[in-house]
Amino acid sequence: MIQNVLNTKKDNSVATANEQQPGVAEPKAAGHKQQTADKKTRLDAVRDFRVEFGPSRKDILNFTNQLAVMVRAGISLSDSLGSIGEQHSNLKFAAIITDLKNKIEAGQSFSQALAEHSDVFSNLYINMVAAAEVSGSLSDMLQKLAEYLDRDAETRSQVKGAMVYPIIIAVMAVTVTVFLLTFVLPRFTTIFEGKEHLLPRPTKMLLATSQFLRSYWFVVIPAIGGALAGLFYFIGTQVGRRWWDETKLRLPLLGTLCRSLYITRSLHTMGALNRAGVPILNTISITAQIAGNVLYKDMWLAVYEDVREGNKIASSLGRCRLMPPDVVQMIRSGEDSGTLGDVLRDVSDYYAREMKTIIKTTVSMIEPIMIVLMGILVGFIAMSIVLPIFKISSAVTGR
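Residues numbered from 1 in each chain as written. Predicted model: local features only at pLDDT ≥ 70, side-chain atom pairs only at ≥ 80, totals over all residues. Heavy atoms only, no water.

A. Inspection of the layout of surface pockets at higher detail. Size it by volume and the largest pocket reaches roughly 540 Å³. Along its surface, the largest pocket is lined by 20 residues, and R57, S122, L149, D152 and R156 are the ones closest to its centre. Contributions of two or more residues to the lining of the largest pocket are made by helix 2 (57-72), helix 6 (123-135) and helix 7 (138-184). Of the residues assigned to the lining of the largest pocket, the class counts are 10 nonpolar, five polar and five charged. Approximately 390 Å³ is the volume attributed to the second largest pocket. Around the second largest pocket sit M163, P166, I167, A170, L251, P252, L253, L254, I366, I369 and M370, which together line it. Mapped onto the lining of the second largest pocket, the elements with two or more residues apiece are helix 7 and helix 17 (340-397). Among the elements that make up the lining of the second largest pocket, the one with the highest residue count is helix 7 (four residues). Tallied by class, residues from the lining of the second largest pocket come to 11 nonpolar, no polar and no charged. (1 Å grid on protein atoms, 1.4 Å probe; cavity = no way out; pocket = protein on both sides within 12 Å on 5 of 7 lines; lining within 4 Å. Points joined across faces, edges and corners; volume = space filled by probe spheres on them. Helix = DSSP H or I, 4+ residues; strand = E, 2+ residues; numbered from the N terminus. Nonpolar A, V, L, I, M, F, W, Y, C, P; charged D, E, K, R; others polar.)

Quick look at the structure:
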């Protein structure tokens, strides 16, 4: 009996131990699962991490196109904004679109909601939408806005494309010059030692420049960076901005290109706003803000003051040299006939075609000029190295 009781206690203790054993392992397993979950969360956070900037011009163009199509299809503005916001890959722009939807559902008009995001949507965009809300043609106006933005993007792309090749050639010229002065020219220093009196002045200047670059490169690089930073800071000031805008108009080749760009942009904007039914004073004020040049901005602000006093646009533009006389005459004809919007559109289309021709001409002229300048620079360095060698050789041989 006693033996049976002992055996029963032994069996119970073994069972209890076996039951407690999983209980000991459970905290370890739970801790391991928690660590795995935390590690997975960190990996997901790293994987999902990305740096996003505000919406680009292309984002706004695509948004306008999509919204125009959906509104034209009969979908409500609120539902259209909600659908576009859910599908947009740029989270910041998606949040802005969602905010527009919420403000419209709260009772604000579309233009009022856009005005609260004036850092994203321009005054032109807001005013054209406001005019469309009055006339009841939002889908048509959005389509016109999309066409305007598309043409503006094309113009910017053309101008940037025209600047790419000259910049590449200039960078190559500077790189080749620095390479020759810092790596090639020092190889000939030992040949010229003790014979400095036989070296021509250009060679002495190049040797001194090479020695300076190799000895004080840690000063030259920050000095160049500081000079560029100072230039950009100066251009950012009011005085510097005016100087830079005046300089762009005076450059031999780029001046004509910049002038055509400012005229095309201004007239295209005025035509789009005028045809949209925006009041003329608002139209001129917005045109002044998007002119892109301080001188043209001042011109349109002067026109604004004259028109507010009861004068016509053409009479005010006629006193300014920034606008060609033939353009002023066509604007006068449009004012007299009541077709100013159509005239502005035709003139801006003409200058857009003219600007394409100017871009091609400018690029075709800049290309050989840059190549010739680069050849002259490299040839000057090469001759400054080779001629002293011949001169020293002649002096040594006595010939």
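Once the structure has been displayed, the description carries forward.
B. Representation of helix 3 (residues 77-87) within the structure. By the burial criterion, the buried members of helix 3 are L77, S78, S80, L81, G82, I84 and G85. Residues of helix 3 that are buried in the fold lie against helix 2, helix 4 (91-105), helix 5 (110-115) and helix 7. (Buried < 20%, exposed > 50% of the residue type's maximum accessible area, 1.4 Å probe, protein only. Contact = heavy atoms within 4.5 Å.)

C. Molecular detail of the pattern of salt bridges. Going through the model one piece at a time under the given rule, you end up with 14 salt bridges. Between E116 and K103 there is a salt bridge whose closest N-O contact spans 3.4 Å. Taken together, the residues E116 in the loop between helix 5 and helix 6 and K103 in helix 4 connect sequence positions 13 residues apart. Look at E116 and you get partly exposed, because its relative accessible area is 45%. Measuring nitrogen to oxygen at the nearest pair gives 3.0 Å for the salt bridge that ties D152 to R156. Note that D152 and R156 are positioned in helix 7 at a spacing of four residues, about one turn of the helix. Within this structure, D99, K103 and E116 form a network of salt bridges that share partners. (Salt bridge = Lys/Arg side-chain N within 4 Å of Asp/Glu carboxyl O.)

D. Examining the nonpolar core more closely. One finds F63, L67, L81, F110, F121 and Y125 to be the most contacted residues of the largest nonpolar core, which totals 36 residues. Looking at this core, the elements that each hand over two or more residues are helix 2, helix 3, helix 4, helix 5, helix 6, helix 7 and helix 12 (254-276). Formed by 35 residues, the second largest nonpolar core is a distinct cluster that contains I263, L317, V327 and V328. (Core = buried A, V, L, I, M, F, W, Y, C linked by side-chain atoms within 4.5 Å.)

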